[in-house]
Amino acid sequence: MRAALAVAAAVAALLVPLAGCARTDPPARVGPAVTPLPGVEVVLVRSGGIAGLTDTITVRPDGAWTKTDRAGAERDGRLAEADLDRLRQLAADPRLTAEAAVTVPATMCADAFSYRLTIGPTTSSYVDCPPQVTPPAATAEVVDLLTRATG
């Protein structure tokens with residue numbers, strides 16, 4: 001019994017100085033990886049409505065955006081950091097590729113808005129005509145983010 005206590009004390013004496021060497025780095029981030037959009041613009045075109053609007057929002061990789069209306073008037077701004085981070089997450093979402101592969105059915109909706117979202121080589125679209133069609137989730141989330149963030 002004395003030998004076991006002596007061994008335990010010796011091991012403890014050796015390990016105590018090593019306790020200060022433990023890593024204190026913050027834990028790795030858990031969740032979806034955020035990928036930058038180097039060289040990739042995000043372009044949203046909203047058209048239609050009773051007035052026949054055509055608005056284009058272009059977001060550059062650094063978060064700077066330009067909104068152009070059908071008359072050619074432009075407004076510029078920059079996405080808030082949180083909005084840019086969310087846009088990057090959504091741009092990397094595999095649902096966008098799946099949504100781009102779906103053929104949009106013709107609609108019988110009069111004066112509805114049509115949305116066409118292009119991120120790099122991927123283009124998805126939908127017509128906002130409830131209750132006939134449920135918009136594709138990831139595409140609609142990007143549309144909502146960009147229309148809210150760019151006013």
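Preceding this paragraph is the structure being described.
Parameters and conventions
Residues numbered from 1 in each chain as written. Predicted model: local features only at pLDDT ≥ 70, side-chain atom pairs only at ≥ 80, totals over all residues. Heavy atoms only, no water. Helix = DSSP H or I, 4+ residues; strand = E, 2+ residues; numbered from the N terminus. Buried < 20%, exposed > 50% of the residue type's maximum accessible area, 1.4 Å probe, protein only. Contact = heavy atoms within 4.5 Å. Areas by Shrake-Rupley, 256 points an atom, 1.4 Å probe, with all protein chains shown as cover. Polar contact = N/O pair within 3.5 Å; in protein donor to acceptor, adjacent residues only side chain to side chain. Salt bridge = Lys/Arg side-chain N within 4 Å of Asp/Glu carboxyl O. Core = buried A, V, L, I, M, F, W, Y, C linked by side-chain atoms within 4.5 Å. Axes fitted to C-alpha atoms, helices over the stretch in contact; angles between N-to-C directions. Parallel < 35°, antiparallel > 145°, perpendicular 65-115°, else oblique. Left-handed = near helix turned anticlockwise from the far one by under 90°. Nonpolar A, V, L, I, M, F, W, Y, C, P; charged D, E, K, R; others polar. Expected span 1.5 Å × (residues − 1).

Another point: the overall build of the chain. Of the regular secondary structure elements, the chain holds four helices and six strands. For the chain, the α and β elements follow one another from N to C terminus as α-β-β-β-β-α-α-β-β-α. A burial count over the chain gives 27% of its 151 residues as buried. Sequence separation of 24 or more characterises 46% of the internal contacts of the chain that already satisfy a separation of 6 or more. When the accessible surface of the chain is split by element, carbon and sulfur atoms take 61% of a total near 9600 Å².

This next bit is on the side chain of T66. By the secondary structure assignment, T66 is in strand β3 (residues 64-68). Only 2.8 Å separates the side chain of T66 from the side chain of D76, close enough to count as a polar contact. Once you skip the residues sitting within four places of it in the chain, T66 turns out to touch T56, I57, T58, R60, E74, R75 and D76.

Before going further, it helps to examine the pattern of salt bridges. All told, the structure shown has seven salt bridges when counted by the stated rule. Residue D93 pairs with R95 through a salt bridge whose shortest N-O separation is 2.8 Å. Through salt bridges that share partners, R86, D93, R95 and E141 make up one connected network.

Core analysis: the biggest nonpolar cluster contains 21 residues, and V42, L44, V59, L87, L117 and L146 have the highest contact counts within it. Elements that contribute at least two residues to this core include exactly β1 (42-48), β2 (53-59), α2 (81-91), β5 (113-119) and α4 (137-149). With six residues, the top contributor of residues to this core is α4. Each residue touching V59, except ones within four places of it in the same chain, is listed here: V40, E41, V42, A64, W65, L79, L87 and L146.

Running from amino to carboxyl end, α2 crosses α4 at an angle of 160°, the nearest separation of the two axes being 10 Å. As summarised for this structure, α2 and α4 are arranged roughly antiparallel, according to the angle between their axes. When you trace α2 past α4, the crossing you get is left-handed. Each of D83, R86, L87 and L90 in α2 lies in contact with α4, whose residues at this interface are E141, V142, L145, L146, R148 and A149. Its residues placed into classes, the contact of α2 with α4 shows six nonpolar, no polar and four charged.

By the element assignment, S124 lies in strand β6 (residues 122-128). A polar atom in the side chain of S124 sits 2.7 Å from the side chain of T139. Beyond its immediate stretch of four places on either side in the chain, S124 contacts L96, E99, A100, Y115, R116, L117 and T139.

A few words now on α4. An ideal rise of 1.5 Å per residue puts 18 Å on 13 residues; α4 measures up with 18 Å between its terminal C-alpha atoms. The set of residues buried in α4 consists of A138, T139, A140, V142, V143, L145 and L146. The elements touched by buried residues of α4 are β1, β2, α2, α3 (94-100), β5 and β6.

All we've got here are geometric facts, nothing functional implied.
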